[in-house]
Amino acid sequence: MLCEKCHKNEATTHIKRVINGQASEVYLCADCAAKAGFGSIHSPFSLGLNDLLGSVFGEAAHPKAIPAGGDEVRCSGCGSTLQDIAATGRAGCAKCYDTFYDQLLPSLQRLHGKTRHAGKLPASAGVEAKQRRQLDELRKALSLAVEKQEFENAAALRDEIKALEQGLNQ
Amino acid sequence: MTDSKKWYTQSGPDGDVVLSTRIRLARNFSDIPFVGRMTDAQKAQVEERVRDAVLNGNSTLAGSFHYIDMEHCPHVQAVSLAERHLISPEFSQGAAGTALLLLEDESVSIMVNEEDHLRVQVMRPGLDLNGAYDTADKIDTLLDEKLNFAFHDRLGYLTQCPTNLGTGMRASVMLHLPALQELGSMNQLANTVAKLGLTIRGTYGEGSDAKGAVYQLSNQVTLGISEQAAIENLRSIAQQVIAQERNARKQLCADVRVQDRIWRSYGILTTARTLTVKEFTGLISNVRLGAATGILDIPMDVISRLLIDAMPGTMISRSEQDLDAAKADLERARLVRDALGPNRPQETQF
Ligand SMILES: [Zn+2]
Ligand SMILES: [Zn+2]
């Protein structure tokens, strides 16, 4: 089988992945695989991904999604436009994610299936993120308490959750 | 430090099937553009910050890391770093402003200005996801105290590529799957793990059709899942793949033709006078299968070490003489004979 990218060399690397339930696969030769960031066993998944899957930000890059001409929004951190990000599949800087948050969200949903971080919180994480995490933990504790029929404990947890939820909604 | 203390010279948990475990965390600064949009001055700035945090801190990190300027690192040494899985192959190109911080036993490496400002990578022999993550997590926390990584309350750790957003964590297990490969199960396996949010991919050594039967199983999703859940998911699926491979090996190795192939491969490796990387990769895979199933009496760590030592960059960078391709093949054959040779393995009956 020939490499699907250069159509010259024998394909030796089979790359298969699923993004939000959509399976895709590609057969590449060693050269093209290396160029796409699949060069050796432990290479990180650097971004040839985009070439492989079509643009991660395909939707955002669609002409209709981008206002024409001079009123193009640029990231204040790096000067990137949404089109720049869509073309490369990479953000220009951390601020890009704030600047284009709404436009990028559908792509992130497609990519990961979810759009809210559930992992480690650094010391610098905002109060809201910390409270949300606390809320998640309290809810888990509540269902455990209900399961174990520890009703007093459950009632206390419920109050605590309610208070936190109110704080978050304000 | 002697070579025998390096992580890749040891065999770890489930070492009959699992070569190594890797955890990689992508981290960035919020006030400097990502690597794709950085000036040289900004690259230098990132490098300085990271170097200062790691080397000059009074933290537990200080003192045990080596600093390598990748831009000026001799090419064969850079290739050797990639062969030892300490850096990505792309990183071995030595682009301007790239640097590596490497722990003495080479189990922790921090790539600076690779695809993200920092990539913290922890390697362990065998299957040890929790152990590798614990170390990565501690290093990340120590670094974050000084460096204050870019973090978004909803999107988590911010990375250049959106595929890493959230935890920024890629966990991988490197598996030797000669039996599943031979039984033609790899496509089905790839389909199955893909449905579970993982990816498995094979790369066949250096040459285009050299076969090492080595596959990498990794998590795909980084946003909306905790590190622990992602690791547990990967671990439990890795365990199932390991069990399947062991079953397949039992079935396969009962066949005298397979035993014959293992012994013949051993015969060639212990007698050949010249060995290309491609030939070596195919034969050592058979010998590894033999060693793992008890057909050959060779300690797994001897093979783990050979899998690194016989690679071209590592061989050339360690050699005192100038090695061209032909000389390297002679040298490789000698190296392999010495490691596996006559007085090495005792025959076992089966
Ligand atoms: Zn190709
Ligand atoms: Zn930006």
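All of these numbers come straight from a predicted model, not from anything done at the bench.

Participant: Help me out: how do you make sense of the coordination of the zinc ion (ligand 2) in this one?
Facilitator: Metal coordination angles have textbook ideals: 109.5 degrees for a tetrahedral set of four donors and 90 or 180 degrees for an octahedral set of six. All names here are of chain A. Within the protein, Cys-75 (SG), Cys-78 (SG), Cys-93 (SG) and Cys-96 (SG) serve as the donor atoms for the zinc ion (ligand 2), at 2.3 to 2.4 Å. Here the zinc ion (ligand 2) is ringed by 4 donor atoms whose angles at the metal span 97 to 126°, and the overall shape comes out tetrahedral. Residue classification places Cys-93 among the buried residues on the basis of a relative accessible area of 3%.

Participant: Quick question: what am I supposed to make of the pairing of strand β8 (residues 169–176) of chain B here?
Facilitator: Within a regular beta strand, the side chains point alternately toward one face of the sheet and then the other, so they alternate between its two faces. Residue and element names in this part refer to chain B. Among the 8 residues that make up β8, 8 are buried, leaving the element largely enclosed by the rest of the structure. Burial along β8 is two-sided: Met-169, Ala-171, Val-173 and Leu-175 and Arg-170, Ser-172, Met-174 and His-176, pointing in opposite directions, are all buried. As paired elements, strand β1 (residues 18–27) and β8 share 7 bridges and run antiparallel to each other. What sits directly across from Ser-20, in β8, is Met-174. Pairing geometry for β8 and strand β10 (residues 214–219), over 5 bridges, is antiparallel.

Participant: Any chance you could explain the nonpolar core here in plain terms?
Facilitator: Ranked by internal contacts, the top residues of the largest apolar core, which has 87 residues, are B:Ile23, B:Leu143, B:Leu175, B:Leu177 and B:Ile200. Of all the elements, helix α6 (residues 227–253) of chain B adds the most residues to this core, at 10 residues. Aside from chain neighbours lying at most four places away, what touches B:Leu175 is B:Val17, B:Val18, B:Ile200, B:Ala213, B:Val214, B:Tyr215, B:Leu217, B:Val241 and B:Ile242. Within the second largest apolar cluster, 19 residues are counted, among which are A:Cys75, A:Leu82, A:Cys96 and A:Leu104.

Participant: Could you clarify how one ought to interpret the packing of helix α8 (residues 277–292) of chain B against helix α9 (residues 300–309) of chain B in this entry?
Facilitator: The relative placement of two packed helices is expressed as an angle between their axes plus a distance between the axes. All names here are of chain B. Taken N-terminus to C-terminus, the directions of α8 and α9 make an angle of 165°; their axes are 10 Å apart at the nearest point. Accordingly, the angle class assigned to the pair α8 and α9 is roughly antiparallel. Handedness of the α8/α9 crossing: left-handed. Across from Phe-280, Ile-284, Val-287, Arg-288, Ala-291 and Ala-292 in α8, the residues of α9 making contact are Met-300, Ile-303, Leu-306 and Leu-307. When its residues are assigned to classes, the contact of α8 with α9 shows 9 nonpolar, no polar and 1 charged.

Participant: Can you help me understand the confidence of the model for chain B in this one?
Facilitator: Any region with low pLDDT has predicted coordinates that should not be read closely. All names here are of chain B. Put simply, chain B has an average pLDDT of 90, and 92% of its residues get 70 or more. Contacts of residues 345–350 to residues separated by more than four positions or lying in other chains number 12 contacts, the stretch itself having pLDDT below 50. We note a pTM of 0.81 for the whole complex and an ipTM of 0.85 for its interfaces.

Participant: Hey, could you run me through the environment of A:Ala145 in this one?
Facilitator: Residues and elements named next belong to chain A. Within the element layout of this structure, Ala-145 appears in helix α7 (residues 127–147). Taking the C-alpha atoms as reference, Ala-145 lies 8.7 Å from Leu-157; in sequence the two are 12 residues apart. In this structure, Ala-145 is in contact with Glu-150, Asn-153, Ala-154 and Leu-157, ignoring residues within four places of it in sequence.

Participant: Would you mind going over α8(B) with me for this structure?
Facilitator: Count 3.6 residues to each turn of an α-helix, and residues three or four apart come out pointing the same way. Residues and elements named next belong to chain B. Here α8 spans 22 Å end to end across 16 residues, near enough to the 22 Å set by a 1.5 Å rise per residue. Across the 16 residues that make up α8, a large majority, 12, are buried. Taken together, the buried positions of α8 are occupied by Val-277, Phe-280, Thr-281, Leu-283, Ile-284, Ser-285, Asn-286, Val-287, Arg-288, Leu-289, Gly-290 and Ala-291. The positive-phi residue at the C-terminal boundary of α8 is Gly-294, with phi of around 85°.

Participant: Where do I start with the pattern of salt bridges in this structure?
Facilitator: Where charged atoms of side chains with opposite charge meet at close range, the side chains can pair. Taken as a whole, this structure holds 24 salt bridges over all chains when the rule is applied. When the shortest N-O distance is used, the salt bridge between B:Arg27 and B:Asp140 registers 2.8 Å. Within this pair, whereas B:Arg27 is found in strand β1, its partner B:Asp140 is found in helix α3 (residues 129–147), the two being separated by 113 residues in sequence. Salt bridges sharing partners connect three or more residues here, namely A:Lys120, B:Arg27, B:Asp137 and B:Asp140.

Participant: Help me out: how do you make sense of the packing of helix α7 (residues 256–271) of chain B against α8(B) in this one?
Facilitator: All names here are of chain B. The contact between α7 and α8 brings their axes to 8 Å, and the two run at 125°. Between α7 and α8, the interaxial angle falls into the category oblique. Here α7 and α8 pass one another in a crossing that is left-handed. Counted together, Arg-261, Ile-262, Ser-265, Tyr-266, Ile-268 and Leu-269 of α7 and Glu-279, Phe-280, Leu-283, Ile-284, Asn-286, Val-287, Leu-289 and Gly-290 of α8 form the full contact between these two elements. Split into classes, the residues belonging to the contact of α7 with α8 amount to 9 nonpolar, 3 polar and 2 charged.

Participant: How do you make sense of helix α5 (residues 186–195) of chain B when you look at a structure like this?
Facilitator: Residue and element names in this part refer to chain B. Buried residues of α5: Met-186, Leu-189, Ala-190, Val-193 and Ala-194, and no others. All buried residues of α5 project into a common sector of 135° when viewed along the axis, lining one side. Every exposed residue of α5 that faces more than 90 degrees away from the buried side is listed here: Gln-188 and Lys-195. One or two steps after α5, the chain reaches Gly-197, where phi turns positive at roughly 80°.

Participant: Even after reading the chapter, I still don't get unusual backbone geometry, so can you show me in this structure?
Facilitator: Among all residues save glycine, negative phi is the norm, and among peptide bonds the norm is trans. Residues and elements named next belong to chain B. Of note in this structure, His-85 is not a glycine but carries a positive phi near 65°. Of note, His-85 is situated in the loop between α2 (75–83) and β3 (99–103). One non-glycine residue, Asn-113, lies in positive phi territory at about 65°. You can see Asn-113 is positioned in the loop between β4 (108–112) and β5 (118–125). By relative accessible area, which is 4% here, Asn-113 ends up buried.

Basis of the calculations
- Residues numbered from 1 in each chain as written.
- Chains lettered and ligands numbered in written order.
- Predicted model: local features only at pLDDT ≥ 70, side-chain atom pairs only at ≥ 80, totals over all residues.
- Heavy atoms only, no water.
- Donors = N, O, S within 2.8 Å, 3.2 Å for Na, K, Ca; no water.
- Tetrahedral: all angles 85-135°; square planar, octahedral: opposite > 155°, others 65-115°.
- Buried < 20%, exposed > 50% of the residue type's maximum accessible area, 1.4 Å probe, protein only.
- Helix = DSSP H or I, 4+ residues; strand = E, 2+ residues; numbered from the N terminus.
- Pairing = 2+ DSSP bridges.
- Core = buried A, V, L, I, M, F, W, Y, C linked by side-chain atoms within 4.5 Å.
- Contact = heavy atoms within 4.5 Å.
- Axes fitted to C-alpha atoms, helices over the stretch in contact; angles between N-to-C directions.
- Parallel < 35°, antiparallel > 145°, perpendicular 65-115°, else oblique.
- Left-handed = near helix turned anticlockwise from the far one by under 90°.
- Nonpolar A, V, L, I, M, F, W, Y, C, P; charged D, E, K, R; others polar.
- pLDDT = per-residue confidence, 0-100.
- Expected span 1.5 Å × (residues − 1).
- Salt bridge = Lys/Arg side-chain N within 4 Å of Asp/Glu carboxyl O.
- Arc of directions from axis to C-beta.

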